[in-house]
Amino acid sequence: MGCASSAPAQTSPPAGAGAASRPGAGGGATAGGGANRATTGNAKGSKNIDYALRLAKFEEESKIKLLFLGAGESGKSTIFKQMRLLYGPGRSEDDLRMYGVVARSNIVVAIKKLCILCNNLEMEGDLDTESEEEGALGKMTVREAYDELTAYLVDKKVPPPPTIDLEPKGEGEEDWVGLNSTRAGLGANKDAKLCVALHESIRIVWESKTMQKVWDNRASMNIVDGHKELLDQVTRIASPKFKPTKRDVLVARVRTTQIIVEKYKIKGMKYEMYDVGGQRSDRRKWIHCFDQVTAVIFVAALSEYDQYLAEAAETNRMVEALELFHSVINNIAFSNSSVLLFLNKMDVFKEKIKYSDISAMEPFSDYTGAANDFDAGVKYFKKKFKDRLIDDELNDTFIHVTCAVDSKNLEFVLDSTTSIIRSDNLKRSGFLMAD
């Protein structure tokens, strides 16, 4: 997509204020000489102010402003977090504790939805069969663990079991994450405590053969794909010694409801990056970020072709992304901005197409590629997005297939992206010849 800087960039800062002219030579200290010195001082001060204003304008115009847009749960906030990992300062301990609470909360939300889905699919009998096959080994069976989770998380007819102590047990056994994070919110704190209390039941149910089959049907419950990784690590995450890693921070999902701004310096250039909520209710806030945007990075999840919006259950998520992309890329506010498309969650897409046929979804019944052909699927959706353009052309250079939680993949893509943005910016500003 062709792009232009919001204002022509300069190749170097404005020239500094020169030395003030000296009064004419000769003569003694006269009244006129004093007036001249006062005038000269005022002129010098005016030049310094003018220079400072021109320098501030240059810095503002040479700054690259990136806006991340996309539908909810597309992974744009994860890419935004990757930017900080690659180019920004490390996370504070307060940040890590907040993400620790969120990771635990995500686990409880995911397993609750899976238990409901298991019931909806009428697969509870499979849990009974699996429990019988295990035999009595002096441990909780899959069905017993499932019933416990259903009682505490789904039916909510009983309080947390009194045998479970959520408070620190003694010196040196304090939970590093802590039992409360004001930044995470009341709901997340409550769920995090349940994760600690019920982690063994969660582990048993999650590792069952039955629940793995239920997981393959997760699209109908809008269960976040990335939470599989958290469920796999529930014992570690529920441990008092748990301290979130960089990977945990990336995978933990916090819904973006406010405009988040980060500033970085990458290869000598100043970047200002904006992340905004992708749900329909949050999009009215986007307009506040549209002013003088250098580039828009639109993020769409490849894996969401068989999923529906949480806020509009009848709307396919990929259809929503395509329509949103159409409105963004053809918006007059971005006529002078680069637009880059990130087709995200390629890892989930690659796994999902093995059992979820693209052409089986009504909006994409025209798909003619092989059911499990990754390259054919990517090519198909690339064309779907290109078809949303009206007068412009989206060159493949501006399209990237990404995995937001893969740091190496994102580092390569983001390095390429920043180079493209800088080059396109300079071309449109007239400092580089267009190809």
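To continue, consider helix H11 (residues 317–329). Helical geometry: 3.6 residues make up each α-helical turn, so side chains three or four residues apart lie on a common side. Counted at 1.5 Å a residue, the expected span for H11 with its 13 residues is 18 Å, and the 18 Å between its end C-alpha atoms agrees. Listed as buried for H11 are Arg 317, Met 318, Glu 320, Ala 321, Leu 322, Leu 324, Phe 325, Val 328 and Ile 329. The elements touched by buried residues of H11 are strand S1 (64–69), strand S4 (295–301), strand S5 (338–344) and helix H13 (374–386). Here H11 starts with a cap whose side-chain oxygen sits 2.8 Å from the backbone nitrogen of Met 318, and that cap is Asn 316.

Right, let's get into the environment of Arg 84. Tracing the backbone through its elements, the reader meets Arg 84 in helix H2 (residues 76–87). The exposure class of Arg 84 is buried, given its relative accessible area of 15%. Along the chain, Arg 84 and Glu 262 lie 178 residues apart, while their C-alpha atoms are 7.9 Å from each other.

One non-glycine residue, Asn 222, lies in positive phi territory at about 55 degrees. Mapped onto the fold, Asn 222 is located in the loop between helix H7 (209–215) and helix H8 (227–232). Even without being glycine, Lys 345 reaches a positive phi, approximately 60 degrees.

This next bit is on the nonpolar core. By size, the foremost hydrophobic cluster in this structure holds 49 residues, and its most contacted members are Ile 107, Ile 111, Leu 114, Leu 149, Leu 198, Ile 202 and Leu 231. By residue number, the principal contributor to this core is helix H3 (residues 93–120), which donates 14 residues. When neighbours within four sequence positions are excluded, Ile 107 is seen to be in contact with Cys 195, Ile 202, Leu 230, Leu 231, Val 234 and Ile 237. Ranked by size, the runner-up nonpolar core spans 36 residues in total, among them Phe 298, Leu 302, Val 328 and Ile 329.

Here we take up the sheet that holds strand S2 (residues 260–266). Strand pairing in a sheet takes place through backbone hydrogen bonds and is either antiparallel or parallel in direction. One open sheet holds the 6 strands; their spatial order is S2-S3-S1-S4-S5-S6, and the pairing between them is mixed. The sheet terminates laterally at S2 and strand S6 (399–401), the two strands that pair on one side only. On average, each strand axis in the sheet is inclined to that of its neighbour by 20 degrees, with strand direction left out of account. Here 3 bridges tie S5 to S6, and the two strands are oriented parallel to one another. The residue bridging Leu 343 from the neighbouring strand is Val 401, located in S6. Contacting S1, S2, strand S3 (269–275), S4 and S5, H2 crosses the sheet at an angle of about 40 degrees to S2.

Turning next to the environment of Ser 356. By the secondary structure assignment, Ser 356 is in the loop between helix H12 (346–352) and H13. Judged by relative accessible area, which is 11%, Ser 356 ranks as buried. Separated by 140 residues in the primary sequence, Ser 356 and Asp 216 place their C-alpha atoms 8.9 Å from one another. Here Ser 356 is in contact with Tyr 305 and Asp 306, once residues within four sequence places are set aside. Polar contacts involving the side chain of Ser 356 include one to the side chain of Asp 306, which spans 2.8 Å.

The subject of this paragraph is the pattern of salt bridges. With the rule as written, the count across this model stands at 25 salt bridges. Between Asp 275 and Lys 76 there is a salt bridge, and its shortest N-O distance comes to 3.2 Å. One end of the pair, Asp 275, is in strand S3; the other, Lys 76, is in helix H2, and 199 residues separate them in sequence. Looking at Asp 275, the relative accessible area reads 1%, which means it is buried. Arg 317 is the salt-bridge partner of Glu 304, the closest N and O atoms lying 3.1 Å from each other. Taken together, the positions of Glu 304 in the loop between S4 and H11 and Arg 317 in helix H11 put the pair 13 residues apart, joining distant regions of the chain. The same class applies to Glu 304 and to Arg 317, which are both buried.

Calculation criteria
- Residues numbered from 1 in each chain as written.
- Predicted model: local features only at pLDDT ≥ 70, side-chain atom pairs only at ≥ 80, totals over all residues.
- Heavy atoms only, no water.
- Helix = DSSP H or I, 4+ residues; strand = E, 2+ residues; numbered from the N terminus.
- Expected span 1.5 Å × (residues − 1).
- Buried < 20%, exposed > 50% of the residue type's maximum accessible area, 1.4 Å probe, protein only.
- Contact = heavy atoms within 4.5 Å.
- Polar contact = N/O pair within 3.5 Å; in protein donor to acceptor, adjacent residues only side chain to side chain.
- Core = buried A, V, L, I, M, F, W, Y, C linked by side-chain atoms within 4.5 Å.
- Pairing = 2+ DSSP bridges.
- Axes fitted to C-alpha atoms, helices over the stretch in contact; angles between N-to-C directions.
- Salt bridge = Lys/Arg side-chain N within 4 Å of Asp/Glu carboxyl O.

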